Structure formats: structure tokens, C-alpha cells
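A closer look at the structure
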Amino acid sequence: MTKPTLAVIGGTGAEGSGLAIRWAVAGYPVVIGSRSLEKAESVSAELAATLPPGSASLTGLDNAAAAAAGDIVILSVPYSAQEATIAQVLEGSQGKVFLTVGVPLKPPKVATVWQPAGGSAAAEAQAQLGDDVRVVAAFQNISATHLLDLEWEPDCDVLITGDDKEAKAVAIELAEAAGFFALNAGPLANATVIEGLTAVLIGINIRNKVKGSGIRITGIQRA
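These numbers were taken from a predicted model, which means no experiment stands behind them.

1. A few points about the overall build of the chain
A tally of regular secondary structure across the chain gives seven helices and eight strands. The C-alpha radius of gyration of the chain comes to 16 Å, within 12% of the 17 Å expected for a compact globule of 223 residues. Once the C-alpha set of the chain is aligned to its principal axes, its extents read approximately 40 × 40 × 35 Å. Taking all 223 residues of the chain together, 47% fall into the buried category. Taking contacts inside the chain between residues at least 6 apart in sequence as the whole, the part at least 24 apart equals 74%. Total accessible area on the chain stands at roughly 10500 Å², and carbon and sulfur atoms take up 54% of it. Charge separation in the chain, taken as the distance between the mean sites of 15 positive and 22 negative side-chain charges, equals 9 Å.

Written out as C-alpha cells, the structure reads:
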């Protein structure tokens, strides 16, 4: 069965490229998107060269073309770039599942929870994209530190929020394909809490002099 093509917008960054690698290894064709076509092509070529035999294709396009080429769109850009980037992929995202990884942080106090005017980055993405796009939020609490290391076995969970049941099922499948245990964490309104946990984790990292603290839910039976 052919797997859907994933458009990872912001895939040249640490989190996006780490997820792209893991999905390509799991058999998902991946198109990395960037504002610069040249950067998308160069980074995707570098990442593709690291893939083990049998992996799916990993290529690069500019953001608009990448979104149009993907069956599922994943947005992995800093919150400060979210609105402008969504404007670039708005047309190509219509009718699709749109997974946002973004977290609203307000420098310099990035270890303090801050809510944007729309309540959460995910809610603002949904409002900007419109009702024909099914937005889900996931991977907010996953550190990019270990993602590129395929020998690393994730010991933290992915909490997924969204208002569409099928879209959340897609996100859970993608999280599991990347090696994570994933949980349906309720409607998109709950994204504000999960996004806020990232600031809490940043503070924990700083105080404990680590880079990759995460969230793990107890009391759930695991396969």
C-alpha cells in the first residue's frame, strides 16, 4: 500500500528535518519545504544521503510547491514565522490534514508560558487556513535533540489535539511511524495547554542542565 506524501514545511530546521528523516525511513515520501528553493534542495539532498537503503524519497521544493505536492502538510516553523508561512502554503493545503508542530514562545522569557491572541498557535493556524483544512497539533513537547539519531528510541509521548477524529488518527499514525507513543489529547482548544508545556520543559532543561526532557503519560497500557 502506497503511503501518503508528506510536505514538511520548515523541514530545513532541526525539528522538521529530524521528523522528515524518520518518516522517510518509515516509508513515507517526504518533500521538504523552505522559503528558498535552493536551501530546500541542498538540505534535502544532505538528508537523503544519510538515509538507509529501502527508505522512501526525500526531496525539496519551495513552501508553496511543497504544500501542493503533499497529501498531508506538516508545519514546523518558529511561531514568529507561522502567519507568513501559512500564507505561502494556504492554497496548497486546502482539503488536507494540516499538522502543526509550532509553539508560541515570547523571547527573552521562553521558559514562561505565553498565549497568543488566538489562544494557541494551532487555533490561529486553523483560523487562517479556513474550515476546509483539518488542523491537528502534535510534537509540541518533543525535543529536536535526538530526532536525527535513528538509534535513539523515544522515551517521551506525543500528545495530539484536534477537532477532526480522522485527522487525529492520521497524526497518531505519523507519530507512531516516527517511533513515538501517541495519545489523543482532545479538541484543538486543548492545544494551548500542550503548547504551554513546552515553555515548562525549556525551564526544566535549563535548571537541570539537559536538552531533551519530555512528557510521558502513565497509567496507559502500551503495546
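2. So, helix α6 (residues 165-177)
Under the 1.5 Å per step criterion, the end-to-end length of α6 is 18 Å for 13 residues, consistent within 8% with the ideal 18 Å. A side-chain oxygen of the first residue of α6 lies 3.1 Å from the backbone nitrogen of Glu166; this N-cap is Asp164. Positive backbone phi, at 100 degrees, marks Gly179, one or two positions downstream of α6.

3. Remarks on unusual backbone geometry
Backbone torsion omega between Pro107 and Pro108 reads 5 degrees, so that peptide bond is classified as cis. If you trace the backbone, Pro108 turns up in the loop between β5 (97-100) and α5 (121-129). Phi is positive for Phe139, which is not a glycine, with a value near 70 degrees. Along the chain, Phe139 falls in the loop between β6 (134-137) and β7 (157-162).

4. Some words on the nonpolar core
By size, the foremost hydrophobic cluster in this structure holds 36 residues, and its most contacted members are Trp23, Val30, Leu58, Leu99, Phe139, Val158 and Phe180. Elements supplying a minimum of two residues to this core: β1 (6-9), α1 (14-25), β2 (30-34), α2 (37-48), β4 (72-75), β5, β7 and α6. When near neighbours in sequence (up to four residues on either side) are disregarded, Val158 contacts Ala138, Phe139, Ile142, Ala175, Phe180, Phe181, Ala182 and Leu183. Ranked by size, the runner-up nonpolar core spans 19 residues in total, among them Ala66, Val73, Ala122 and Val133.

5. A short note on the pattern of salt bridges
When their charged atoms lie close together, side chains carrying opposite charge are able to pair. A full pass over the atoms with the stated rule returns three salt bridges. Here Arg134 and Glu166 are joined by a salt bridge, their closest N and O atoms 3.7 Å apart. Taken as a pair, Arg134 in strand β6 and Glu166 in helix α6 lie far apart in primary sequence, 32 residues in all. What makes Glu166 exposed here is its relative accessible area of 59%.

6. Looking at the packing of aromatic side chains
In total, this model carries four aromatic pairs according to the counting rule given. With a centroid separation of 6.0 Å and 75 degrees between ring planes, the pair formed by Trp23 and Phe139 is classed as edge-to-face. Note that Trp23 is positioned in helix α1 and Phe139 in the loop between β6 and β7, a separation of 116 residues in sequence. Comparing Trp23 with Phe139 shows no difference in burial state: the two are buried. Arranged with centres 5.9 Å apart and planes meeting at 70 degrees, the rings of Tyr79 and Trp114 form a pair that is edge-to-face. Taken together, the residues Tyr79 in helix α4 (residues 79-93) and Trp114 in the loop between β5 and α5 connect sequence positions 35 residues apart. Among the residues examined, Trp114 registers a relative accessible area of 29% and is labelled partly exposed. Through pairs of rings, three or more aromatic residues link up here, namely Trp23, Phe139, Trp152 and Phe180. Just above the ring of Tyr28 sits the side chain of Lys3; from NZ or CZ to the centre is 5.6 Å. Of note, Arg222 hangs over the ring of Phe181, and the distance from its end group to the ring centre comes to 4.1 Å.

7. Some remarks on the environment of Leu105
Structurally, Leu105 can be placed in the loop between β5 and α5. You can call Leu105 partly exposed: its relative accessible area is 27%. Counting along the chain gives 82 residues from Leu105 to Pro187, while the straight-line C-alpha distance between them is 21 Å. In this view, Leu105 contacts Val110, Trp114, Ala199 and Ile202; residues no more than four positions away in its chain are not counted.

8. Concerning the packing of α4 against α5
Two numbers describe how α4 lies on α5: the axes approach to 10 Å, and their chain directions differ by 35 degrees. Regarding α4 and α5, the two cross each other, and that crossing is right-handed. Where α4 abuts α5, its residues Tyr79, Gln82, Glu83, Ile86, Ala87, Leu90 and Ser93 lie against Ala121, Glu124, Ala125, Gln128 and Leu129. Grouping the amino acids of the contact of α4 with α5 by side-chain chemistry returns seven nonpolar, three polar and two charged.

Reading the values: the criteria
Residues numbered from 1 in each chain as written. Predicted model: local features only at pLDDT ≥ 70, side-chain atom pairs only at ≥ 80, totals over all residues. Heavy atoms only, no water. Helix = DSSP H or I, 4+ residues; strand = E, 2+ residues; numbered from the N terminus. Rg over C-alpha atoms; globule rule 2.2 N^0.38 Å. Buried < 20%, exposed > 50% of the residue type's maximum accessible area, 1.4 Å probe, protein only. Contact = heavy atoms within 4.5 Å. Areas by Shrake-Rupley, 256 points an atom, 1.4 Å probe, with all protein chains shown as cover. Lys, Arg positive; Asp, Glu negative; His and termini not counted. Charge placed at Lys NZ, Arg CZ, Asp CG, Glu CD. Expected span 1.5 Å × (residues − 1). Polar contact = N/O pair within 3.5 Å; in protein donor to acceptor, adjacent residues only side chain to side chain. Core = buried A, V, L, I, M, F, W, Y, C linked by side-chain atoms within 4.5 Å. Salt bridge = Lys/Arg side-chain N within 4 Å of Asp/Glu carboxyl O. Phe/Tyr/Trp six-rings, centres within 6.5 Å; stacked < 30°, edge-to-face > 60°. Lys NZ or Arg CZ within 6 Å of the ring centre and 35° of its normal. Axes fitted to C-alpha atoms, helices over the stretch in contact; angles between N-to-C directions. Left-handed = near helix turned anticlockwise from the far one by under 90°. Nonpolar A, V, L, I, M, F, W, Y, C, P; charged D, E, K, R; others polar.

Note that every value here comes from positions in space, so none of it alone points to a role or purpose.
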